[in-house]
Amino acid sequence: MNELVILHNPRCSKSRQAVDAAKDQSAEIIPYLTQPLTRPQLLELLHKLEDEPTALVRRDATFKELGLTDEDVATKEQVADVLAEHPKLMERPVLIREDRAIIGRPTERVQPFLES
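Given the structure is predicted, the values throughout are model-derived calculations rather than measurements. (Residues numbered from 1 in each chain as written. Predicted model: local features only at pLDDT ≥ 70, side-chain atom pairs only at ≥ 80, totals over all residues. Heavy atoms only, no water.)

**Some thoughts on the side chain of Arg58**
Topologically, Arg58 is positioned in the loop between helix H2 (39–48) and helix H3 (61–65). Within the structure, Arg58 has its side chain in polar contact with the side chain of Glu91 (distance 3.0 Å). (Helix = DSSP H or I, 4+ residues; strand = E, 2+ residues; numbered from the N terminus. Polar contact = N/O pair within 3.5 Å; in protein donor to acceptor, adjacent residues only side chain to side chain.)

**Describing the environment of Glu71**
Looking at the secondary structure, you find Glu71 in the loop between H3 and helix H4 (76–85). By relative accessible area, which is 58% here, Glu71 ends up exposed. Measuring from C-alpha to C-alpha, the distance between Glu71 and Thr54 comes to 9.5 Å, with 17 residues separating the pair along the chain. At 3.0 Å, the side chain of Glu71 forms a polar contact with the side chain of Thr69. (Buried < 20%, exposed > 50% of the residue type's maximum accessible area, 1.4 Å probe, protein only.)

**Examining the nonpolar core**
Leu7, Leu45, Leu56, Leu83 and Met90 are the most contacted members of the largest nonpolar core, which has 24 residues in total. When residues of this core are traced back to their parent elements, those giving at least two are strand E1 (4–8), H2, H4, strand E3 (94–97) and strand E4 (100–103). Per element, the largest residue contribution to this core is four residues, and it comes from H4. Dropping the residues within four chain positions of it, Leu45 is found in contact with Leu7, Leu37, Leu56, Met90, Val94, Ile96 and Ala101. Core analysis: the next-biggest nonpolar cluster, separate from the first, contains nine residues, Ile6, Leu95, Ile102 and Leu114 among them. (Core = buried A, V, L, I, M, F, W, Y, C linked by side-chain atoms within 4.5 Å. Contact = heavy atoms within 4.5 Å.)

Given below as structure tokens:
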């Protein structure tokens, strides 16, 4: 089986659920807030992501405080720029295997990805 990578925020219950669901698999858990992805790594992730690139950006209070709008995260390049500067805005968890990646929300998406 190919290496599974989970971009994880231990403070997030959905992220903890994904890590727990993958406990029987060999998974590399990356705490992306303390080990943020570089812009090139983010672009690689966005190339693999089965979701729209803009879905990788959380629309939370920080997003609003930064004065960001949907137009600021409409392309892969814009998303990579924003997340490289503000990793806290990355949606989580993100599961990656080979050339596929998903956002593990809703949590019902995690198990089928782990089994594929």
